[in-house]
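# Structural description and commentary
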Amino acid sequence: MSQPTPATENTVSRQEILEVARLARLGVDEDTASSYADDITKVLKLMQTLGNVDTTDIKPLSNIHEVCQDLRADVAKHDINRERNQSMAPAVEAGLYLVPQVIE
Amino acid sequence: MSELHLLSTQQLITGLQDKQFSSAELTEHYIKRIDALDSKINSFITHTSETARAQAQAADEMRAQGDKRPLLGVPMAHKDIFCTQGVLTTCGSKMLHNFISPYDATIVTNIDKAGMISLGKLNMDEFAMGSDNESSHYGAVHNPWNLNHVPGGSSGGSAAAVAAGFVPVATASDTGGSIRQPASFCGLTGIKPTYGRISRFGMIAYASSLDQAGSMGRSAMDCAYLLQPMIGHDPRDATSIKHDMPDYVQDLNTAVTAAGDNAKPLEGLRIGVAKEYFTSGLDTEVEQAVRAALKQYEALGATIVEVNITDPEITLATYYMLAPAEASSNLSRFDGVRFGYRCENPTDLLDLYTRSRSEGFGPEVQRRILTGTYALSAGYFDAYYTKAQKVRRLIVKDFEDAFANCDVIASPTAPTAAYKLGEDLDPATMYLGDVYTIGVNLAGLPALSQPVGLTSNGLPIGLQLIGQYWQESKLLSTAHLFQQHTDHHLQHSTIAKETV
């Protein structure tokens, strides 16, 4: 991605919001982007307190139990009902999901 | 028969066993109340009345043939975050306005196996992101104690439905307080178990390392009854943990038997209280009620000890970095291709993705996706996301240190009682309402909220009890013994007092 540059530290610019929205595949117009920029700036100001916490030599924690995940055996099952699963899709043809034409 | 909805789960079970009423009559009673009164509350998104009637009839027949399952024929309802096969599952979002789930969540299967009757799917903040149930695509939920106030969130529909007397118990989920805060706002007891205690399979993900299902009812015993069929390891959820399988109802009954006539049944229990939980921002009436409840706990034999926990502002900042980051990843699956909302006449694939998502998600969901995407983007990942993960480890350590000196930790559940609908708080202010509950999710600990009184305006106040890992029985037993000697949990909302 192109590297967005904050207008000032802990302030999110409208331009950054538009770039982040593009990455997140969200259609955000300029006015809404300004509103989100104000909101997210306030949220990021809450984050400033984290800068005061000494985390030297502390490992990041992502799984609270820190155990090996108890994975299932890799056994092929034939219990997927394609017709039922696709019955709620916006557009389906011959068992395939339809999207707008990608290649001319 | 007009007050069946005021009975506890235990009384309903006894009534069914003793043939005081049938499941069909009980189910009809609740359906009648929902049909007559839910237009004031908006707690249900989907009704499954016809299925429920058939299930109740079948339950009565099974009971007549000797089926002894205790929960057989007892009504309940599910938060609309749990997938229910063949039934609309919206997660409170326009994005899933047409999603008929092709499978059941594991907890739905387990509750079904216990013989309970589901009356439908309950309203919630969109994708469980909110603390007031105002972000639902299906309209705000009103608090049964005062219709001008919010029920809390994100499990606002679950709390409101139980408090209104539409169901005796309901399932709910809790990522940062979404069971405990609405339980507090609606005068209920609600428990979030240890992370890994209950399968997340079929529970639509918000923040996978924080999300946990739980139960709500009027009392700790109500919660215990519903929690029982929900727990256990599930091969379909790699984060569910193989652990002992307590019998919660038996544990609560054993605690009462052991207490006997002892006027101090909680003798020996050390309740940790942290000064960090009683700082500015805490409403005076809430503080008074919580401190009065702690005095009641002391009168029952418990000892109050001072403990230190992480500064709640740091906990809040950690949560509101990690949760949106996980959400931005989890919600990338909603793209308008395989299920859910698709925009009209997309010009190309990018337009399909972009417009489907921006039209299908509400503003709060989009705000959290943007915040999370920002935090995870190159250049900010270490400064925000990794930093928050490191602080998370310190938060866990602080809880471990606190539990070296106490058995449970008590705090207010929320800084205020239920606020008015439509207050339109800015996000940063709204997030402050979660300040007492989110540390529990970051640490993966079990916690419950129990009612401890009313404000001068008649709105409920909750006290939070936090337990050590896997000690849901201790939490529930503690609250249960308290409830044997107090009547806060026996107060009923305005709507619950209405007969139809």
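Predicted, not measured: the structure shown is a model, and the values here were computed from it. (Residues numbered from 1 in each chain as written. Chains lettered and ligands numbered in written order. Predicted model: local features only at pLDDT ≥ 70, side-chain atom pairs only at ≥ 80, totals over all residues.)

Right, let's get into the overall build of chain A. In terms of regular secondary structure, chain A is built from three helices and two strands. Counting helices and strands in the order they occur from the N terminus, chain A gives α-α-α-β-β. When the 104 residues of chain A are sorted by exposure, 21% land in the buried category. Taking contacts inside chain A between residues at least 6 apart in sequence as the whole, the part at least 24 apart equals 28%. (Helix = DSSP H or I, 4+ residues; strand = E, 2+ residues; numbered from the N terminus. Buried ≥ 20, exposed ≤ 12 C-beta atoms within 10 Å, placed from the backbone. Contact = placed C-beta atoms within 7 Å.)

The subject of this paragraph is the overall build of chain B. If you tally the helices and strands in chain B, you get 17 helices and eleven strands. The C-alpha radius of gyration of chain B comes to 21 Å, within 12% of the 23 Å expected for a compact globule of 500 residues. A principal-axis box enclosing the C-alpha atoms of chain B has dimensions of 70 × 55 × 45 Å. For chain B, the proportion of its 500 residues judged to be buried stands at 62%. For chain B, long-range pairs separated by at least 24 residues make up 76% of all intrachain contacts whose partners lie at least 6 apart in sequence. (Rg over C-alpha atoms; globule rule 2.2 N^0.38 Å.)

This part takes up the confidence of the model for chain B. On average, residues of chain B score 96 in pLDDT, and 100% of them reach the 70 mark or higher. Quick note on the complex model: pTM equals 0.96, ipTM equals 0.90. (pLDDT = per-residue confidence, 0-100.)

Turning next to the packing of helix α7 (residues 220–230) of chain B against helix α8 (residues 248–259) of chain B. All names here are of chain B. Between α7 and α8, whose axes approach to 8 Å, the crossing angle comes to 150°. When the axes of α7 and α8 are compared, the pair comes out roughly antiparallel. Mapping the contact onto sequence places Ala220, Met221, Ala224, Tyr225, Leu227 and Gln228 in α7 and Tyr248, Val249 and Leu252 in α8. Considered class by class, the residues forming the contact of α7 with α8 number eight nonpolar, one polar and no charged. (Axes fitted to C-alpha atoms, helices over the stretch in contact; angles between N-to-C directions. Parallel < 35°, antiparallel > 145°, perpendicular 65-115°, else oblique. Nonpolar A, V, L, I, M, F, W, Y, C, P; charged D, E, K, R; others polar.)

A word on the environment of Ser62 of chain A. With respect to the helices and strands, Ser62 of chain A occurs in the loop between α2 (30–47) and α3 (82–86). The residues contacting Ser62 of chain A, other than those within four sequence positions of it, are Ser209 and Gln389 of chain B.

Residue-level contacts link 45 residues of chain A with 62 residues of chain B. Sorting the residues of the side of chain A that touches chain B by element identifies α1 (14–23), α2 and α3 of chain A as the ones contributing at least two each. Per-element tally for the side of chain A that touches chain B: the top contributor is α2 of chain A, with seven residues. Its residues placed into classes, the side of chain A that touches chain B shows 28 nonpolar, ten polar and seven charged.

So, about the packing of α1 of chain A against helix α12 (residues 363–376) of chain B. Taken N-terminus to C-terminus, the directions of α1 of chain A and α12 of chain B make an angle of 95°; their axes are 9 Å apart at the nearest point. Classified by the interaxial angle, the pair formed by α1 of chain A and α12 of chain B is roughly perpendicular. Listed contacts from α12 of chain B to Ile17, Val20, Ala21 and Leu23 of chain A of α1 of chain A are Leu370, Thr373 and Tyr374 of chain B. Looking at the contact of α1 of chain A with α12 of chain B residue by residue, the class counts come to six nonpolar, one polar and no charged.

Residues and elements named next belong to chain B. In this structure, Gln10 sits in helix α1 (residues 9–17). The class for Gln10 is partly exposed, based on 18 C-beta atoms found within 10 Å. The spacing of Gln10 and Gln296 is 286 residues in sequence and 25 Å in space, taken between C-alpha atoms.

All names here are of chain B. Formed by 174 residues in total, the largest nonpolar core has its most connected members in Ala161, Val167, Ala170, Met216, Met321, Leu370 and Leu476. Among the elements that line this core, the one with the most residues is helix α10 (residues 312–330), at ten residues. Residue contacts for Met216: discarding those within four places in its chain leaves Ser155, Ser158, Ala159, Val162, Val169, Ala170, Ala172, Ile179, Ala183, Leu188, Gly190 and Cys223. (Core = buried A, V, L, I, M, F, W, Y, C linked by C-beta atoms within 7 Å.)

Moving on to the pairing of strand β10 (residues 447–454) of chain B. Each regular strand carries side chains that alternate between the two faces of the sheet. Residues and elements named next belong to chain B. Of all the eight residues making up β10, seven are buried; the element is thus mostly covered by neighbouring parts of the structure. When β10 meets strand β11 (residues 460–466), the two strands line up antiparallel, connected through seven bridges. Each residue of the ladder has a partner; that of Leu448, found in β11, is Leu465. From the end of β10 to the start of β11, which pair antiparallel, there are five residues, and Gly458 there has a positive phi angle of about 80°. (Pairing = 2+ DSSP bridges.)

Residue and element names in this part refer to chain B. Where strand β7 (residues 270–274) meets strand β8 (residues 303–307), five bridges bridge the pair, whose relative direction is parallel. The residue of β8 that forms the bridge with Ala274 is Val307. Chirality of the crossover, the property in question, places the unit of β7, helix α9 (residues 284–299) and β8 among those that are right-handed. Examined bridge by bridge, β7 and strand β9 (residues 408–412) share three bridges and lie parallel to one another. Paired with Val273 across the bridge in β9 is Ala410. (Right-handed = clockwise from strand over helix to strand, strands pointing away.)

As a further point, take unusual backbone geometry. Residue and element names in this part refer to chain B. Residue Ser154 follows Gly153 across a cis peptide bond; omega there is 10°. Among the secondary structure elements, Ser154 is positioned in the loop between β3 (117–122) and α5 (156–163). With phi around 65°, Asn133 is a residue other than glycine that occupies positive phi space. Mapped onto the elements, Asn133 comes out in the loop between β3 and α5. Assessed through the 35 C-beta atoms surrounding it within 10 Å, Asn133 is described here as buried.

Attention now goes to the confidence of the model for chain A. Residues and elements named next belong to chain A. Confidence in the prediction for chain A averages 85 pLDDT; 89% of positions are at 70 or higher. Summarising per-element confidence for chain A, the mean pLDDT is lowest in α2 (89) and highest in α1 (95). Every residue in residues 1–8 is under pLDDT 50, and counting partners more than four places away or in other chains gives 13 contacts.

Time to look at helix α13 (residues 381–403) of chain B. A rise of 1.5 Å per residue sets the reference length of α13 of chain B, with its 23 residues, at 33 Å; its end C-alpha atoms lie 32 Å apart and thus fit the reference within 8%. Along α13 of chain B, the helix axis deviates most sharply at Lys387 of chain B, where the bend reaches about 25°. (Expected span 1.5 Å × (residues − 1). Bend = angle between axes of the 7 residues up to and from the residue.)

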